[in-house]
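Residue-level structure breakdown
This is what each chain is made of:
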Amino acid sequence: MRIVLLGAPGSGKGTQAKLLVEKYKIPQMSTGDLLRAEVSAGTDLGKRAKAAMDAGQLVTDDVVLGMIQARLAKPDAKSGFILDGFPRNIPQAQSLDAMLARLGQPLQLALLVDVDTDVLLKRLTGRRTCGSCGAIYNIYFSAPKTANKCDKCGSALTHRSDDNEQTVANRLKVYQQQTAPLVNYYKAQGKLRTVRGVGAVSAIFKNVTDIIESQIRPLADVMGKIESAAARQAAKTKAAAVAKAAAAKAAAKVAKVPPSAKAKTKAVAPATKPKPLAKKVMPKKAVVKKAAPKAKPKKAPKPAAKAKKVK
Ligand SMILES: [Zn+2]
């Protein structure tokens, strides 16, 4: 299953992502983690990312997409992934769609964890952390027994500077301007589902998995068929192209080239210069050439129509 998680800062989508990873054994791809991994591995993408960060610039979308693509190629991502924190805006979503389409692995679900803004504000600004043991509190939802004192170790609680109201309000504003429009983007694709992100984590997760079971599982079966058909088609197209090129090459080597083959030679393998060749080789390659164009069944559109019905 291929999922994008959407939600404002403080929506708890990260928590849901971790639970999904455990349940479905598919990797969560967060761009921060990918960046760190690529940089520490010293890959080309990592070097480009590091150069940008060292210069105080944002890592460009194509670097991030490259990292996602590289991550998708790893074996554990074979049965799907959860994207959390990417895309953050419409252009990124479009680039992601284009890349996944090239890979034949389109998104199946965009899941929005929806939380009212006043709750988000309380969640983000009410957070208090214990500097000694790391315990986390919220003065609105899970206050310590004594104000500003850790229940577990008695140390003073701290309020992170990026949890202050001004910073939080800014983060939410950026989300509203850039990321919230993605909701409509995925809605238009018929891929958006919404879960209320309020209440017990386990109850929210139950709703999340219900959505996945009802939306993706039936779809996944149909999509699987479409994808394997597409993969077969791609393999055939590739084989046909290779055969065509080989045939054209061979044709170019014949002393007497029929006009039609000459035309093909120009189109497919313009670099090849005619060379004298043993004529015995020809019949075999000619057979390959004839068989190639037949390998083009156009079956993909039909299952696609089915997929829409399932939704
Ligand atoms: Zn403590």
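The rules behind these values
- Residues numbered from 1 in each chain as written.
- Predicted model: local features only at pLDDT ≥ 70, side-chain atom pairs only at ≥ 80, totals over all residues.
- Heavy atoms only, no water.
- Pairing = 2+ DSSP bridges.
- Helix = DSSP H or I, 4+ residues; strand = E, 2+ residues; numbered from the N terminus.
- Axes fitted to C-alpha atoms, helices over the stretch in contact; angles between N-to-C directions.
- Contact = heavy atoms within 4.5 Å.
- Phe/Tyr/Trp six-rings, centres within 6.5 Å; stacked < 30°, edge-to-face > 60°.
- Buried < 20%, exposed > 50% of the residue type's maximum accessible area, 1.4 Å probe, protein only.
- Lys NZ or Arg CZ within 6 Å of the ring centre and 35° of its normal.
- pLDDT = per-residue confidence, 0-100.
- Core = buried A, V, L, I, M, F, W, Y, C linked by side-chain atoms within 4.5 Å.
- Parallel < 35°, antiparallel > 145°, perpendicular 65-115°, else oblique.
- Nonpolar A, V, L, I, M, F, W, Y, C, P; charged D, E, K, R; others polar.
- Left-handed = near helix turned anticlockwise from the far one by under 90°.
- Donors = N, O, S within 2.8 Å, 3.2 Å for Na, K, Ca; no water.

**Some points on the sheet that holds strand β1 (residues 2–6)**
Spatial ordering of the open sheet is given by β2-β3-β1-β4-β8, a layout of 5 strands whose pairing is parallel. With partners counted over all chains shown, the strands left at the sheet margins are β2 (28–30) and β8 (192–196), one partner each. Taken over all neighbouring pairs, the strand axes of this sheet differ in orientation by 25° on average, direction set aside. Examined bridge by bridge, β1 and strand β4 (residues 109–114) share 4 bridges and lie parallel to one another. Each bridged residue has a counterpart across the sheet, and for L6 the counterpart in β4 is L112. Relative to β1, helix α8 (residues 181–188) is tilted by about 150°, and along the sheet it contacts β1, β4 and β8.

**Brief notes about the packing of aromatic side chains**
For the structure on display, the rule yields 2 aromatic pairs. Consider the rings of Y185 and Y186, whose centres lie 5.1 Å apart with planes at 85°: the pair is edge-to-face. Each member of the pair Y185 and Y186 is classed as buried. Between K23 and the ring centre of Y24, over which it is positioned, the NZ or CZ distance is 5.6 Å.

**A look at the confidence of the model for the protein chain**
Predicted confidence across the protein chain gives a mean pLDDT of 82, with 79% of residues reaching 70 or more. Below a pLDDT of 50 lies the segment residues 261–273, which in the model reaches 14 contacts outside its immediate sequence neighbourhood of four places, other chains included. For residues 283–292, every residue scores under 50 in pLDDT, and the model assigns this stretch 9 contacts once sequence neighbours within four places are set aside.

**Some thoughts on the nonpolar core**
Of all hydrophobic cores here, the largest spans 39 residues; its most connected members are L6, M29, I68, L96 and Y186. Looking at this core, the element that brings in the most residues is helix α4 (residues 61–72), giving 6 residues. Not counting residues up to four positions away in its chain, the partners in contact with L6 are K13, A110, L111, L112, V113, L182, V183, Y186 and L192. In this structure, L20, L111, V113 and I212 belong to the second largest nonpolar core, which totals 18 residues.

**Some details on the pairing of β4**
In terms of burial, β4 is a largely internal element, 5 of the 6 residues being buried. Pairing geometry for β4 and β8, over 5 bridges, is parallel. From the neighbouring strand, D114 faces β8, where its bridge partner is R196.

**Digging into the packing of helix α2 (residues 31–41) against α4**
Running from N to C, α2 and α4 point in directions that differ by 85°, and their axes come no closer than 10 Å. On the basis of their axis angle, the class for α2 and α4 is roughly perpendicular. Residues T31, L34, L35 and E38 of α2 pack against V64, M67, I68, A70 and R71 of α4. Looking at the contact of α2 with α4, its residues break down into 6 nonpolar, 1 polar and 2 charged.

**Section: the packing of helix α3 (residues 44–54) against α4**
The relative placement of two packed helices comes down to the angle between their axes together with the axis-to-axis distance. Close contact between α3 and α4 brings their axes to 10 Å; oriented N to C, the two are set at 150°. Note that α3 runs across α4; the crossing there is left-handed. The segment α3 lies against α4, with L45, R48 and A49 engaging D62, V63, G66 and M67. Tallied by class, residues from the contact of α3 with α4 come to 4 nonpolar, 1 polar and 2 charged.

**A short note on the coordination of the zinc ion**
Between any two of four tetrahedral donors, the ideal angle at the metal is 109.5 degrees; between two of six octahedral donors, it is 90 or 180 degrees. Protein coordination at the zinc ion: the donors are C130 (SG), C133 (SG), C150 (SG) and C153 (SG), at 2.2 to 2.3 Å from the metal. Expressed as a motif, the donor residue spacing for the zinc ion is C-x2-C-x16-C-x2-C. With a gap of 20 residues between them, C130 in strand β5 (residues 127–130) and C150 in the loop between β6 (136–138) and β7 (157–158) connect regions that are remote in the sequence. For the pair shown, C130 and C150 are each scored as buried.

**Focus: the sheet that holds β5**
Read from one edge of the open sheet, 3 strands run β6-β5-β7, paired in antiparallel fashion. Each end of this open sheet is capped by a strand with a single partner; those strands are β6 and β7. Across 2 bridges, β5 lies against β7 in antiparallel orientation. Pairing of C130 across the sheet is with L157, part of β7. Here helix α6 (residues 117–125) sits on the sheet in contact with β5 and β6, set at roughly 20° to β5.

**Digging into the side chain of T125**
Checked against the element boundaries, T125 lands in helix α6. Ignoring anything within four residues of it in the chain, the contact list for T125 reads Y140, H159, D163, N164, E165 and V168.

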